[in-house]
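# A closer look at the structure
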Amino acid sequence: VQLQASGGGLVQAGGSLRLSCAAPRTITSVFNSHVMGWYRQAPGKQRELVADIALSGITNYLDSVKGRFTISRDNARKTVSLQMNSLKADDTAVYYCNAKRGLDMSWGQGTQLTVSS
């Protein structure tokens, strides 16, 4: 699955931003067979799962983003988005779109989010 991420940038603490990821070259049935997610990696830290969403709509969130971030997917358009509200300086990281099916994982290019306090 080839993934194209967009939407990073610089935002003030308390602000909002939306990340998007598309898989335009992937056929719909293949996209639908993947759990789609967003990971992030801050300087000096390991990459961590922020949120993911299955075809069924079942979601999973990192505890520190619950209630602030919302992940969604549009299977017809083959996109996954991450709406981020009430951003904090600790959210600063490079964010990566991910498609997972079993042990297979595909990654988009990272997009930088910087939250200024």
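Residues numbered from 1 in each chain as written. Predicted model: local features only at pLDDT ≥ 70, side-chain atom pairs only at ≥ 80, totals over all residues. Heavy atoms only, no water.

The number of helices and strands found in the chain is one helix and eleven strands. Ordered by position in the sequence, the α and β elements of the chain form the string β-β-β-α-β-β-β-β-β-β-β-β. In summary, the chain has a C-alpha radius of gyration of 13 Å against a globular reference of 13 Å for 117 residues, a match within 12%. With the C-alpha coordinates of the chain rotated into their principal frame, the extents come out at 40 × 25 × 20 Å. Counting across all 117 residues of the chain, residues that qualify as buried make up 38%. By element, 49% of the accessible surface of the chain is carried by carbon and sulfur atoms, the whole surface being about 6,100 Å². (Helix = DSSP H or I, 4+ residues; strand = E, 2+ residues; numbered from the N terminus. Rg over C-alpha atoms; globule rule 2.2 N^0.38 Å. Buried < 20%, exposed > 50% of the residue type's maximum accessible area, 1.4 Å probe, protein only. Areas by Shrake-Rupley, 256 points an atom, 1.4 Å probe, with all protein chains shown as cover.)

Going through the model one piece at a time under the given rule, you end up with one disulfide. Two residues share a disulfide in this structure: Cys21 and Cys97, whose sulfurs sit 2.1 Å from each other. The chirality of the disulfide connecting Cys21 with Cys97 is left-handed, given an S-S dihedral of about -90 degrees. A residue pair is termed long-range when its members are at least 10 positions apart, and Cys21 in strand E3 (residues 17-22) and Cys97 in strand E9 (residues 93-101) qualify at 76 residues. Here Cys21 and Cys97 have matching classes, each one buried. (Disulfide = S-S within 2.5 Å.)

On to the sheet that holds strand E8 (residues 79-84), then. Reading across from one edge, E1-E3-E8-E7 is the order of the four strands in this open sheet, with antiparallel pairing throughout. Two strands lie at the open edges of the sheet, namely strand E1 (4-6) and strand E7 (69-74), each paired on one side alone. Between one strand and the next, the sheet's axes are offset by a mean angle of 15 degrees, whatever the strand orientation. (Pairing = 2+ DSSP bridges. Axes fitted to C-alpha atoms, helices over the stretch in contact; angles between N-to-C directions.)

The final tally for this structure, using the stated rule, is two aromatic pairs. Between the aromatic rings of Tyr39 and Trp107, the centroid separation amounts to 4.9 Å while the plane-to-plane angle is 70 degrees, which identifies the pairing as edge-to-face. Residue Tyr39 is located in strand E4 (residues 35-41), and its partner Trp107 is located in strand E10 (residues 104-107); the two are separated by 68 residues in the primary sequence. Given the relative accessible area of 34%, Trp107 is considered partly exposed. Aromatic pair Tyr96 and Trp107: ring centres 6.3 Å apart, planes at 90 degrees, arrangement edge-to-face. Of this pair, Tyr96 sits in strand E9 while Trp107 sits in strand E10, and the two are eleven residues apart along the sequence. According to the relative accessible area criterion, Tyr96 is buried, its value standing at 17%. An aromatic cluster is present here, built from Tyr39, Tyr96 and Trp107 joined pairwise through their rings. (Phe/Tyr/Trp six-rings, centres within 6.5 Å; stacked < 30°, edge-to-face > 60°.)

Turning our eyes to something else, we now look at unusual backbone geometry. Unlike most non-glycine residues, Lys78 shows phi in positive territory, near 60 degrees. By the secondary structure assignment, Lys78 is in the loop between E7 and E8. Notably, Ser86 is not glycine yet its phi reads approximately 50 degrees, a positive angle. In this fold, Ser86 is placed in the loop between E8 and E9.

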